[in-house]
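# Residue-level structure breakdown
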Amino acid sequence: MDLTVTIMLVLAGGAVAVLAGWRGARPPNLAKGPRLIPWRPLMVIAAAFALIMLVHLVNLLGVETGRGQR
């Protein structure tokens, strides 16, 4: 992946994580019934994806992460 696509994926993953965190923190409305979307696990998955893409972005910028081959 090139730099532009990675930056867009980091921003999209962060936006989904923030939206899911906001929706998951709202109190349940019992008059509407149960929530059909599990917002909290969705938030964790989106945040993990954004973190992985952020590490990939740092690698694209030249910083070596992970275990080095010696």
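Here, every reference points to the structure presented above.
This section reports on the structure supplied with the text. Not measured: the values here are computed from a predicted model.

Our focus in this paragraph is the overall build of the protein. The secondary structure content of the protein amounts to two helices and zero strands. In terms of overall dimensions, the protein has C-alpha extents of about 60 × 25 × 15 Å along its principal axes. Considering only residue pairs separated by 6 or more positions, the protein has 60% of its internal contacts joining residues 24 or more positions apart. Of the roughly 5700 Å² of accessible surface on the protein, a fraction of 70% belongs to carbon and sulfur atoms.

Attention shifts here to the environment of Glu-64. Position of Glu-64 among the secondary structure elements: in the segment after α2 (39-60). Relative accessible area serves as the criterion here: at 68%, Glu-64 is assigned to the exposed category. Each C-alpha atom, one on Glu-64 and one on Ile-52, is 14 Å from the other, the two residues being 12 residues apart in sequence.

Attention shifts here to a nonpolar patch on the surface. Nonpolar side chains collect at one region of the surface, where Leu-3, Ile-7, Leu-11, Leu-60 and Leu-61 lie side by side and expose about 460 Å² of accessible area between them. Checked against the element boundaries, Leu-61 lands in the segment after α2.

Here is what the cut-offs are and how they apply
- Residues numbered from 1 in each chain as written.
- Predicted model: local features only at pLDDT ≥ 70, side-chain atom pairs only at ≥ 80, totals over all residues.
- Heavy atoms only, no water.
- Helix = DSSP H or I, 4+ residues; strand = E, 2+ residues; numbered from the N terminus.
- Contact = heavy atoms within 4.5 Å.
- Areas by Shrake-Rupley, 256 points an atom, 1.4 Å probe, with all protein chains shown as cover.
- Buried < 20%, exposed > 50% of the residue type's maximum accessible area, 1.4 Å probe, protein only.
- Patch = residues over 30% accessible without salt bridge, like charges linked within 9 Å, V, L, I, M, F, W, Y side chains within 5 Å.
- Salt bridge = Lys/Arg side-chain N within 4 Å of Asp/Glu carboxyl O.

It is worth stressing that arrangement in space is one thing and function is another; only the former is reported here.
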